[in-house]
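One letter stands for each residue in the lines below.
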Amino acid sequence: MRTVCFGILVFLLCVSCGSKYDHKGKTPLVELDGNFLYREDLQSVLPPGLSSDDSLLFAEHYIRNWVEDVLLYDKAQSNIPNSGEIDLLVENYRKALIMHTYQQELIHQKLSDEITETELADYYNKNQELFKLERPLIKGLFIKVPLTAPQLSSVRRWYKTETQDAVEHLEKYQMQNAVKYEYFYDRWIPVSEVLDLLPLQEGDAEEYLNKNRHVELKDSAFYYFLNVTDCRQAGEQEPYEFAARQVKDMLLNMKQVQFMEQVKNDLYERAVERNRIKYY
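Rules behind the numbers
- Residues numbered from 1 in each chain as written.
- Predicted model: local features only at pLDDT ≥ 70, side-chain atom pairs only at ≥ 80, totals over all residues.
- Heavy atoms only, no water.
- Helix = DSSP H or I, 4+ residues; strand = E, 2+ residues; numbered from the N terminus.
- Buried < 20%, exposed > 50% of the residue type's maximum accessible area, 1.4 Å probe, protein only.
- Contact = heavy atoms within 4.5 Å.
- Salt bridge = Lys/Arg side-chain N within 4 Å of Asp/Glu carboxyl O.
- Core = buried A, V, L, I, M, F, W, Y, C linked by side-chain atoms within 4.5 Å.
- Pairing = 2+ DSSP bridges.
- Axes fitted to C-alpha atoms, helices over the stretch in contact; angles between N-to-C directions.
- Polar contact = N/O pair within 3.5 Å; in protein donor to acceptor, adjacent residues only side chain to side chain.
- Expected span 1.5 Å × (residues − 1).
- Bend = angle between axes of the 7 residues up to and from the residue.

**A few points about the overall build of the protein**
The helix and strand tally for the protein stands at 10 helices and six strands. Seen through its C-alpha atoms, the protein measures out along the principal axes to roughly 90 × 70 × 35 Å. The burial tally for the protein puts 30% of its 280 residues in the buried class. Across the protein, every contact between residues at least 6 apart in sequence was considered, and the portion connecting residues at least 24 apart equals 66%.

**With respect to the pattern of salt bridges**
Per the counting criterion, the structure on display carries nine salt bridges. Salt bridges linked by common partners bring K180, E182, D186 and R187 together as one network.

**Notes on the nonpolar core**
Counting 18 residues, the largest nonpolar core has I138, L198, L209 and L226 as the members making the most contacts within it. Those elements that provide at least two residues to this core are strand 3 (137-146), strand 4 (180-190), helix 8 (191-195), helix 9 (205-211), strand 5 (214-218) and strand 6 (222-232). At four residues, strand 6 tops the list of elements feeding residues into this core.

**So, the sheet that holds strand 3**
Across the sheet, four strands lie side by side as 4-3-6-5; this open sheet has antiparallel pairing. Two strands close off the open sheet at either side, each with one partner strand: strand 4 and strand 5. This sheet shows a mean twist of 10° between the axes of neighbouring strands, independent of strand direction. In terms of strand pairing, strand 5 meets strand 6 through five bridges, oriented antiparallel. Looking at the pairing, E216 lines up with F225 of strand 6.

**As for the side chain of Q237**
Counting through the fold element by element, Q237 comes out in the loop between strand 6 and helix 10 (240-273). Take Q237: its relative accessible area is 18%, and that puts it in the buried class. Polar side-chain contacts of Q237 include one of 3.4 Å to the side chain of Y124. Beyond its immediate chain neighbours, meaning those up to four positions away, Q237 contacts Y124, Q128, F131, K132, L133 and R232.

**A word on helix 10**
Helical geometry note: an α-helix holds 3.6 residues per turn, so side chains three or four residues apart project in the same direction. Compared with the 50 Å implied by 1.5 Å per residue over 34 residues, the 47 Å span of helix 10 between its first and last C-alpha is a close match. Considering bend angle alone, the principal kink of helix 10 is centred on Q246 and spans about 30°. Within the span of helix 10, buried status applies to Y240, A243, A244, V247, L251, L252, F259, M260, V263 and A271. Buried positions along helix 10 lie against helix 4 (84-110) and helix 5 (117-126). N275 occupies a position one or two residues after helix 10 and carries a positive phi of about 55°.

**A look at the pairing of strand 5**
Look at any regular strand and the pattern is simple: side chains alternate between the two faces of the sheet. Residues of strand 5 alternate between two faces, with V215 and L217 buried on one and H214, E216 and K218 left unburied on the opposite face. Hairpin geometry of strand 5 and strand 6 is characterised by an intervening segment of three residues between the two adjacent antiparallel strands.

**Topic: unusual backbone geometry**
Its identity as a non-glycine residue notwithstanding, K24 has a phi of 50°, on the positive side. Note on placement: K24 falls in the loop between helix 1 (2-16) and strand 1 (28-32). Look at K24 and you get exposed, because its relative accessible area is 74%. Even without being glycine, N275 reaches a positive phi, approximately 55°. Considering the arrangement of structural elements, one finds N275 in the segment after helix 10. On the accessibility criterion, N275 (58% relative accessible area) is exposed.

**Some words on helix 3 (residues 52-79)**
Spanning 28 residues, helix 3 covers 41 Å between terminal C-alpha atoms, matching the ideal 40 Å at 1.5 Å per step. The set of residues buried in helix 3 consists of S55, L56, A59, I63, W66 and V70.

**Things to note about the environment of V45**
Mapped onto the elements, V45 comes out in helix 2 (residues 39-45). For V45, a relative accessible area of 35% gives the class partly exposed. Setting aside anything within four residues of it in sequence, one finds V45 in contact with F58 and Y62.

Everything listed here is a matter of coordinates, which is why it stays silent on function.
The structure is reproduced here in structure tokens:
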């Protein structure tokens, strides 16, 4: 019933809209003092998958908000006598937005985001003071198994060594017996992520992991095995492989800044050559 009423309302609104307005092919839905909300605009923001009742409810709220915004804007205009400053702010924002959009498009078209591994490593090595850890990192291996899991004596032997043979044994074992298995001998991860896996009650858990490279814990249901092969403390040098993403972002930003400086300089030089700049 509500849908039918709303449909009739839309129809009446559309019929009542005078022909003195150019709607540029759009279908008027609501008019307020010459301001129009179009059906196409409403349809473009209507969330997909809504039921008929939910669609009607959404439309009613959207129209109400639109009307309130028009009324508030009209009221604000009548109470802000000096809009020159606002017009200047709008114009400045428009210019900035156009320039930013153009710069991004130009960078996308003309500037490659490819940076060689040599460039990355060279920048990292020359600017190591920029790359200090804010949180500790570790490398290692973690496995969590039930107390009733088989071959626990073998697991205790395998998890303490990084040999290929031991890792292969654990890889096969974990598929049938482990509740959780994390292999990170080849990458750095934050210590906080590992601590979330352990039932560790130590007052300074991070320091505990720094001093204990082979960790075996248990609770009422599981054994927890952790082998720490390497660690870096907060304030120490950030490993290159961990910093590489940041290094690339920094180099890309520098290239973009230099590229746009060159573009602006070229525009300036051409304007000077063609006597387009006049000083008074």
